[in-house]
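# Notes for the structure review
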Amino acid sequence: MQIPRYWAQARLRQETSKTHGATVQRWGWSDISQAEAETHAQQRAQEALDDVLKAPVQRHLAPDFERMEWANEYSLFAPTPIREEILEQRGETVMTRNSYGAHCLNTDKVAIADLDYPRESDAPGFPWIVLLILLSALPWLWIEPISWNGHQIALIFIIACMGLLFRARLKRWNDARQAKQQNPSTAANRAMARVLQVQARYPDWGLRLYQTPKGLRIIVTHASWDWQAPQVQALFQEMGVDPVYALLCEKQQCFRARVTGKPWRMGMSGLSTQERHWPVKPQHQPGRHEWSQYYDEEAQQFAACRFLQQLGPSTFCAEAQAFVLWHDSASKALTQLPLA
């Protein structure tokens, strides 16, 4: 699991002529000390600068080479680990604050899969435009005497077509409205059916199921799997896990679960650009600290997910048992608080 505690940034420049120069910027990190992170940043920056200076001889740099390492916190396609503030650690599980301020649990021992509800096709809206066109034509039909000339016949034909179109679209709108009333949670049902199909295919898997604001969360409880386990790949593929989440797990070499609400779902504004990117510069730390305190207080009124049921074996492995205790407490999954 790659979640460094210390971060530093180094920028190096070397003049190559009177009017040109080479500049590079690199991150450095460490789990030991800030000094080691700074040394690491200097080493990576020097290596990058050497590559730039040798480029004219070598004719070109690597296709993915970047002079300025401006990658964001998640760095999905960069050679740096994820940059997040570490809030707490219990054993092998680490709680971090993500880029928009929410708390996340990170673990390399307990597999987690977040499944978004399948996107519903856009329901047809009420045909207001067609209705307005028809209503605007009614005075003309009432006032204009019928002379049956070619111009008038064409207009009457167009109005008749608009009437048929309005009737067809009105029927589609009404059918969709009635179907939604009869079965309002179609997407949720399909997501649940997918989970149950996976559990039926692997009955020896213990899957702890939660509802999230827009989907489901599954925690594997019967065994400890790392992110490279073939069972995890099967779980992700068959559950239809978000590809970005799967890539994030691979990049960070662990699994993660958000356990506090998203600020905008709690009626809050987010962190400013200067305050959200970790590590925060000294001049912006007071603002981040003030926002974080207010957020943490507001988050007590919301749950990040809600426990639904335990599927498969009810016996937990030791790693899952410890993780679930912390997860359920931090996310307030066993309460009836509103989801955020």
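Refer to the structure printed above.
My aim in this report is to walk through the structure given alongside it, one point at a time.

Definitions and limits used
Residues numbered from 1 in each chain as written. Predicted model: local features only at pLDDT ≥ 70, side-chain atom pairs only at ≥ 80, totals over all residues. Heavy atoms only, no water. Patch = residues over 30% accessible without salt bridge, like charges linked within 9 Å, V, L, I, M, F, W, Y side chains within 5 Å. Areas by Shrake-Rupley, 256 points an atom, 1.4 Å probe, with all protein chains shown as cover. Salt bridge = Lys/Arg side-chain N within 4 Å of Asp/Glu carboxyl O. Helix = DSSP H or I, 4+ residues; strand = E, 2+ residues; numbered from the N terminus. Expected span 1.5 Å × (residues − 1). Buried < 20%, exposed > 50% of the residue type's maximum accessible area, 1.4 Å probe, protein only. Arc of directions from axis to C-beta. Contact = heavy atoms within 4.5 Å. Pairing = 2+ DSSP bridges. Axes fitted to C-alpha atoms, helices over the stretch in contact; angles between N-to-C directions. Phe/Tyr/Trp six-rings, centres within 6.5 Å; stacked < 30°, edge-to-face > 60°. Lys NZ or Arg CZ within 6 Å of the ring centre and 35° of its normal.

## Side note on a nonpolar patch on the surface
A cluster of nonpolar side chains, namely L132, L135 and L138, defines an oily patch on the protein surface of about 300 Å² accessible area. Tracing the backbone through its elements, the reader meets L132 in helix α2 (residues 128–143).

## Considering helix α8 (residues 285–299)
Look at α8: 20 Å from first C-alpha to last across 15 residues, which is about the 21 Å you get at 1.5 Å a residue. For α8, the set of buried residues is R288, W291, S292, Y295, E298 and A299. Within α8, the buried residues cover an arc of 125 degrees as seen down the axis, which keeps them to one side. Turned more than 90 degrees away from the buried face of α8 sit P286, E290 and E297, all of them exposed. At its buried positions, α8 is contacted by β3 (85–90), β4 (93–97), β5 (103–107) and α7 (273–276).

## Side note on the sheet that holds strand β10 (residues 306–311)
Read from one edge of the open sheet, four strands run β6-β8-β7-β10, paired in antiparallel fashion. Because the sheet does not close on itself, it has two edges, and the strands there are β6 (112–116) and β10. Neighbour-to-neighbour, the strand axes of this sheet turn through a mean angle of 20 degrees, independent of strand direction. Note: strand β7 (residues 207–212) against β10, five bridges, orientation antiparallel.

## Some thoughts on the sheet that holds β4
Strand pairing in a sheet relies on backbone hydrogen bonds, with the paired strands running either antiparallel or parallel. One open sheet holds the four strands; their spatial order is β3-β4-β5-β9, and the pairing between them is antiparallel. In this open sheet, the two edge strands, each paired with only one partner strand, are β3 and β9 (255–258). Direction aside, the axes of adjacent strands within the sheet are offset by 25 degrees on average. Relative to β4, β3 is paired through five bridges, and the arrangement is antiparallel. By the bridge assignment, I86 is partnered in β4 with T96. Contacting β5 and β9, helix α6 (residues 243–252) crosses the sheet at an angle of about 125 degrees to β9.

## Brief notes about the packing of aromatic side chains
Evaluated as defined, the whole model comprises twelve aromatic pairs. Measuring from ring centre to ring centre gives 5.9 Å for F236 and Y245, while their planes differ by 50 degrees; the resulting arrangement is tilted. As far as burial versus exposure is concerned, F236 and Y245 are alike and both buried. Sitting over the face of the ring of W326, R90 holds its NZ or CZ atom 4.2 Å from the ring centroid. Above the face of the F307 ring, R208 is positioned so that its terminal group lies 4.0 Å from the ring centre.

## Let's talk about the pattern of salt bridges
For the coordinates displayed, the defined rule picks out nine salt bridges. A salt bridge links D114 to R217; the shortest N-O distance between them is 3.0 Å. Residue D114 is located in strand β6, and its partner R217 is located in strand β8 (residues 215–220); the two are separated by 103 residues in the primary sequence. Relative accessible area serves as the criterion here: at 2%, R217 is assigned to the buried category. Taking the shortest distance from any N to any O, the salt bridge between D328 and R208 comes out at 2.8 Å. Taken together, the residues D328 in helix α9 (residues 318–331) and R208 in strand β7 connect sequence positions 120 residues apart. R208 shares its class with D328; the two are buried.

## Focus on the pairing of β8
With six of six residues buried, β8 is to be regarded as a mostly interior element. Inspection of the sheet shows β6 paired to β8 by five bridges, in the antiparallel sense. Within β8, the position partnered with A113 by the bridge is I218. In this structure, β7 lies alongside β8, joined through six bridges in antiparallel fashion. Residue Q211 lies in a different strand from β8, and its bridge partner there is L216. The hairpin formed by β7 and β8 contains two residues between the paired strands.

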